[in-house]
Amino acid sequence: MGSYILKRLVAAIPVLIGVSVLVFFIMAMIPGDPALAILGAYATPENVAKLNADLGLDKPLVQRYFIWLGNMLTGDFGRSYSQNKPVIDEVMGRFGNTLILAGVAFVLCSILGILAGVVSAARQYGLADKAITFTVLIGISIPSFFLGMILIILFALKLRMFPVSGMYLIYGGGGLADLANHLVLPASALAVVATGVIARLSRSAMLEVLRQDYIRTARAKGVGERRVIMGHALKAAMVSIIPVLGIQAGFVVSGAVYIEMVFDWPGIGQMLVNAISQRDLLLVQGGVVVVAACYVLFNIVVDVAQALLDPRIKT
Amino acid sequence: MTLFNWTRRAVLAAGAALALAPMAAQAQTPEGVLIVGQVAEPKSLDPAAVTAVNDFRILVNLYEGLTRYKPGTLEVAPGLAESWEVSDDGTEYTFKLREGVTFHDGTPFNAEAVKFNFDRMLNEDHPYHNTGPFPLAFFFSSVEETTAVDDLTVQFKLSAPYAPFLSNLAYPTGLMVSPAAVEAGGADFGRSPVGTGPFKFVEWRANEAVVIDKYEDYWGEPAGAQAVVFRPIEDSNTRVAEMIAGGIDMMVEVPPTALSQFEGDGFNVVEQAGPHVWFLILNAKEGPMADKKVRQAVNYAINKEAIVNDVLEGTAEVAAGPTPPAFAWAYNDELSPYPYDPEKAKELLAEAGAEGASLTFYVTEGGSGMLDPVAMGTAIQADLAAVGLDVSIETYEWNTFLGNVNPGLEGKADMAEMAWMTNDPDTLPYLALRTDAWPENGGFNSGYYSNPKVDELLESARTAIDQDERAALYKKMQAIVQEDAPWVFVANWKQNAVTSDRVENFTLEPSFLLQLEKVVKN
């Protein structure tokens, strides 16, 4: 198992280098440059040239790439000009906030999705199944940013149960209870679509397992229904559910971009959107590399978990 | 069956817990603390390093400049300088500084501090020039030397007479920072700012809030609020929702379509016209727009009233010429806007032989001061279609748009949207209407307008010291430019803000700077 993990980690290196090349050259190719973004209407060619030189953007592209890569390997991600602080501070702070939001949403959608799938499968074509299938269909069909707005109108403006936006109360806030209170709406909005997907796939995975001979054997032996489903069937179905969870984890992190905008959640999605429009090259590049590294790492974790659950997977 | 029974109970219990728990947490904003909903996270709180109005809104409460704008106007009044004298040739400005002013860190404000500020920005050999870049330093590019004559007297030598100097000093780029704090903070000074203003900096929680407190030892009238919290909320719908929910006490840049939400009790809507003009640059070098009659025709053909009232919901007024009325002293109020007259437009197009011409129109998706550019562009396209012009729109994201428009429209487009907010009547016409401001000379005259008379008027106005004399020159310039129609003059934006009724003494300034020293929060 140890060598399997190591192999996967080594294989991740070229992926990350590829990501760094892509994000660097894409950012270099899109029209408009940082000096234009900073100077706005005052961007005369002379001012632009001077500012570009100040920002070190007058060097050849390839040279700039290797300077950036070299610095990054020593842990120096450069300085964000739009935030006027080290890129890594901004990225880690923001990414931490995104992980809180996405993490809670992911736990929510995993538990609710699997639970709904199991109930649905156990009561195939029953009332519970139909109700769940219908709800899930609605959940999958609603764009999360729209759901976010609906939640704000309903629960923040009409019922006044939760705050509209932000992560903590702006004055005198802080603490876990305050954070949880601010998390309810954005995490729910973010979890809905993923819950739907997980529920659907869990249902079909469960149905497939429930048709197996050993389930019939277990029932014939007189094992209790609860144990048949939660013990025998779910455990076997988890092998096909976990990769779905892995994919959905990625989906939840990327879906956080919209939710962060709607709920003014100070996460990395919101940061990247702004950084791109302000052509804050180093911030975009650093942010993308960190997110990609995290994503790769997550995939490895999922694969390892799957290998642990299913002895048939060669390690 | 047991499996599902406990699930139902759990769901019920969880639902009830969710519904009850947060009820208590909905606190009102505290008394004496003003919470302002901003449009974005500030970039830096170093006034020499920033360019965005969003940052200026915080800065003007922390810092002061040698001059300031007289409340409610764009006229220059004494700030940290009590008085000044200008030499007869207009190249020497001598300021007498206010006595007994200290920065928030205790550093005395004196002539040496002023010299430090300008040298830092302008002199590449200055030890703290590396705390930049200073993108708007060219506001003071005519300054050749700053001299501390004595402790409270400072003198600027200019390379040539430059009348906008005094109003540039009132602009945020001219705000005075504490030399000791720059020396201590280096490049991070912008994250722990120190000025002389009515509020002092407390903390900046990244992406959450900037907090400033009343400065108890302020030399002037003490601030009305104990503290101000600036909170960035980028999505305008979310900002509106926070305002309705009471999470913030004040918001700026209310989207036109949301204004009706604040008509009822509990809110005050404040509006103020500012030095803003929204216009179309017309390509006077080539194609149909090279003919003055066609340029006038499009000015007649576009229904500006409909744009400001219907598209912008009354948040702007129709512009008459290149200079916004907010520059009251320099504005030619004898000019009235081109009336909406499609028949006249058709006549002029027929005279010019440009009926049915095809035009390319650059539209941006958004950008500083651009209001609602896509909807406005579409309305303009429809108006021009009504007089037989075939306009095709090309839409660009703001940055790309500037990269296309600033180098000039030649060979690319016949017209392009643009908007400017400036601090002196000199700035926009000088940078965007002179022959010497064509793009190849580093200016913003992207439509290649050229009229020697206008060039001459603008040069003279820049060197005239007397304000009345300058005003007369600007008024003449406006009349000529209106007649020549190098642009379609569309709108002057009224900045707006909403406050809750717990906020008192709040007004918006024509400078678009958010002065909060008098505001009281109950």
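The sections below set out a description of the structure shown in this document. (Residues numbered from 1 in each chain as written. Chains lettered and ligands numbered in written order. Predicted model: local features only at pLDDT ≥ 70, side-chain atom pairs only at ≥ 80, totals over all residues. Heavy atoms only, no water.)

Focus on the overall build of chain B
Looking only at helices and strands, chain B has 14 helices and 20 strands in total. The C-alpha radius of gyration computed for chain B amounts to 26 Å, which stays within 12% of the reference 24 Å derived for 522 residues, consistent with globular compactness. With respect to the principal axes defined by its C-alpha atoms, chain B has extents near 85 × 80 × 40 Å. Counting all 522 residues of chain B, 58% fall into the buried class. Considering only contacts in chain B between residues 6 or more positions apart, those separated by 24 or more positions represent 69%. Put simply, chain B shows about 19200 Å² of open surface, and 48% of that area lies on carbon and sulfur atoms. Between the centroid of the 35 positive side chains of chain B and the centroid of its 75 negative side chains there is a distance of 3 Å. (Helix = DSSP H or I, 4+ residues; strand = E, 2+ residues; numbered from the N terminus. Rg over C-alpha atoms; globule rule 2.2 N^0.38 Å. Buried < 20%, exposed > 50% of the residue type's maximum accessible area, 1.4 Å probe, protein only. Contact = heavy atoms within 4.5 Å. Areas by Shrake-Rupley, 256 points an atom, 1.4 Å probe, with all protein chains shown as cover. Lys, Arg positive; Asp, Glu negative; His and termini not counted. Charge placed at Lys NZ, Arg CZ, Asp CG, Glu CD.)

With respect to the sheet that holds strand E7 (residues 153-158) of chain B
Residue and element names in this part refer to chain B. The four strands lie next to each other as E4-E5-E7-E6, forming an open sheet whose pairing is antiparallel. Looking at the sheet topology across the chains shown, the edges are occupied by strand E4 (81-86) and strand E6 (143-150). Pairwise comparison of adjacent strand axes, ignoring direction, gives a mean angle of 20° for this sheet. Here five bridges tie strand E5 (residues 92-97) to E7, and the two strands are oriented antiparallel to one another. Bridged to lysine 96 within E7 is threonine 153. (Pairing = 2+ DSSP bridges. Axes fitted to C-alpha atoms, helices over the stretch in contact; angles between N-to-C directions.)

Digging into the packing of aromatic side chains
Residue and element names in this part refer to chain B. Using the criterion set out here, one finds 31 aromatic pairs over all chains in the structure. Here the aromatic rings of phenylalanine 95 and phenylalanine 156 are separated by 5.6 Å at their centres, their planes lie at 90°, and the arrangement is edge-to-face. Note that phenylalanine 95 is positioned in strand E5 and phenylalanine 156 in strand E7, a separation of 61 residues in sequence. Of the two residues examined, phenylalanine 95 and phenylalanine 156, each falls in the buried class. By the ring-pair criterion, three or more aromatic residues cluster together here, those being Trp84, Tyr93, Phe95, Phe118, Phe140, Phe156 and Phe165. (Phe/Tyr/Trp six-rings, centres within 6.5 Å; stacked < 30°, edge-to-face > 60°.)

So, helix H13 (residues 452-463) of chain B
Residues and elements named next belong to chain B. An ideal rise of 1.5 Å per residue puts 16 Å on twelve residues; H13 measures up with 17 Å between its terminal C-alpha atoms. Of the positions making up H13, those classed as buried are Val454, Asp455, Leu457, Leu458, Ala461 and Arg462. One side of H13 carries all its buried residues, which in axial view fall inside an arc of 165°. Looking at the packing, one finds that the buried side of H13 touches helix H12 (427-432) and helix H14 (467-484). Between the side-chain oxygen at the start of H13 and the backbone nitrogen of lysine 453 there is a gap of 3.0 Å, and the oxygen is on asparagine 451. (Expected span 1.5 Å × (residues − 1). Arc of directions from axis to C-beta. Polar contact = N/O pair within 3.5 Å; in protein donor to acceptor, adjacent residues only side chain to side chain.)

Points about the interface of chain B and chain A
Accessible area lost upon the coming together of the parts serves often as the stated size of an interface. At the interface, 60 residues of chain B touch 55 residues of chain A. Between chain B and chain A, the buried area comes to about 4800 Å², and carbon and sulfur atoms account for 59% of it. Taken together, the connections running from chain B to chain A amount to three salt bridges. Across the pair glutamate 397 of chain B and arginine 279 of chain A runs a salt bridge, and its minimum N-O distance is 2.9 Å. Here chain B and chain A share twelve residue pairs in polar contact (both at pLDDT 80 or more) between them. (Buried area = accessible area lost by both parts, 1.4 Å probe. Salt bridge = Lys/Arg side-chain N within 4 Å of Asp/Glu carboxyl O.)

Topic: a negative patch on the surface
All names here are of chain B. A grouping of Glu82, Glu99, Glu112, Asp150 and Asp151 is seen on the molecular surface, where their side chains present a negatively charged patch. Examined against the element boundaries, glutamate 82 turns out to sit in strand E4. Assessed through its relative accessible area of 43%, glutamate 82 is described here as partly exposed. (Patch = residues over 30% accessible without salt bridge, like charges linked within 9 Å, V, L, I, M, F, W, Y side chains within 5 Å.)

A closer look at the side chain of asparagine 451 of chain B
Residue and element names in this part refer to chain B. Relative to the assigned elements, asparagine 451 resides in the loop between H12 and H13. Judged by relative accessible area, which is 15%, asparagine 451 ranks as buried. Engagement of the side chain of asparagine 451 in a polar contact is seen with the backbone nitrogen of lysine 453, the distance being 3.0 Å. Apart from the residues within four sequence positions on either side, asparagine 451 is in contact with Thr435, Ile480 and Asp484.

Remarks on the nonpolar core
Generally speaking, nonpolar side chains in soluble globular proteins are found buried as a group. Judged by nonpolar contacts, the single largest core of 153 residues is most densely connected at Phe95 and Phe156 of chain B. When near neighbours in sequence (up to four residues on either side) are disregarded, phenylalanine 95 of chain B contacts Leu66, Thr67, Ala81, Ser83, Trp84, Leu152, Thr153, Val154, Phe156, Phe165, Leu166 and Leu169 of chain B. Counting residues in hydrophobic clusters, the runner-up holds 49 residues, among them Ile152, Val164, Leu185 and Val262 of chain A. (Core = buried A, V, L, I, M, F, W, Y, C linked by side-chain atoms within 4.5 Å.)

Things to note about the pairing of strand E13 (residues 276-282) of chain B
All names here are of chain B. With seven of seven residues buried, E13 is to be regarded as a mostly interior element. Burial along E13 is two-sided: His276, Trp278, Leu280 and Leu282 and Val277, Phe279 and Ile281, pointing in opposite directions, are all buried. With seven bridges connecting them, E13 and strand E17 (residues 415-421) associate as antiparallel partners. In the sheet register, leucine 280 faces E17, and the bridge partner there is glutamate 417.

Details of helix H7 (residues 144-158) of chain A
Turn by turn, an α-helix covers 3.6 residues, leaving residues three or four places apart pointing in a common direction. Between its first and last C-alpha, H7 of chain A extends 20 Å over 15 residues, near the 21 Å set by a 1.5 Å rise per residue. Of all the positions in H7 of chain A, only Ser144, Leu147, Gly148, Leu151, Ile152, Ala156 and Leu157 of chain A are classed as buried. Each element contacted by the buried residues of H7 of chain A is listed here: helix H8 (176-210) and helix H10 (225-263) of chain A together with helix H6 (236-245) of chain B. Looking one or two residues past H7 of chain A, arginine 160 of chain A carries a phi angle of roughly 55°, positive in sign.

So, the side chain of arginine 98 of chain B
Residues and elements named next belong to chain B. On the secondary structure map, arginine 98 appears in the loop between E5 and helix H3 (111-122). Buried charge without a partner: arginine 98 forms no salt bridge, and the closest opposite charge is glutamate 82, 4.2 Å away. In this structure the side chain of arginine 98 is engaged in a polar contact, spanning 3.0 Å, whose partner is the backbone oxygen of glycine 79. The contact partners of arginine 98, leaving out residues within four places of it in the chain, are Pro78, Gly79, Leu80, Ala81, Glu82, Leu152 and Trp219.

Here's the deal with the packing of helix H7 (residues 292-301) of chain B against helix H9 (residues 342-352) of chain B
Packed helices, taken two at a time, are described by the angle between their axes plus the distance between the axes. All names here are of chain B. In contact at an axis separation of 8 Å, H7 and H9 are set at 165° when each is read in the N-to-C sense. The angle between the axes of H7 and H9 places the two elements in the roughly antiparallel class. Where H7 crosses over H9, the handedness of that crossing is left-handed. Between H7 and H9, the residues in contact are Lys293, Val294, Gln296, Ala297, Tyr300 and Ala301 and Pro342, Lys344, Ala345, Leu348, Leu349, Glu351 and Ala352, respectively. For the contact of H7 with H9, the per-class residue count stands at nine nonpolar, one polar and three charged. (Parallel < 35°, antiparallel > 145°, perpendicular 65-115°, else oblique. Left-handed = near helix turned anticlockwise from the far one by under 90°. Nonpolar A, V, L, I, M, F, W, Y, C, P; charged D, E, K, R; others polar.)

Quick look at the environment of glycine 65 of chain B
All names here are of chain B. Here glycine 65 shows up in the loop between helix H2 (53-62) and strand E2 (67-69). Glycine 65 gets classed as buried once you look at its relative accessible area, which sits at 4%. Measuring from C-alpha to C-alpha, the distance between glycine 65 and threonine 173 comes to 8.7 Å, with 108 residues separating the pair along the chain.

Points about a nonpolar patch on the surface
Residue and element names in this part refer to chain A. On the surface, a nonpolar cluster with roughly 440 Å² of combined accessible area is contributed by Met1, Ile5, Leu9, Leu297 and Leu308. At the level of secondary structure, the elements contributing two or more residues to the nonpolar patch comprise helix H1 (2-29) and helix H12 (281-309). Structurally, the position occupied by leucine 9 is in helix H1. Residue classification places leucine 9 among the partly exposed residues on the basis of a relative accessible area of 38%.

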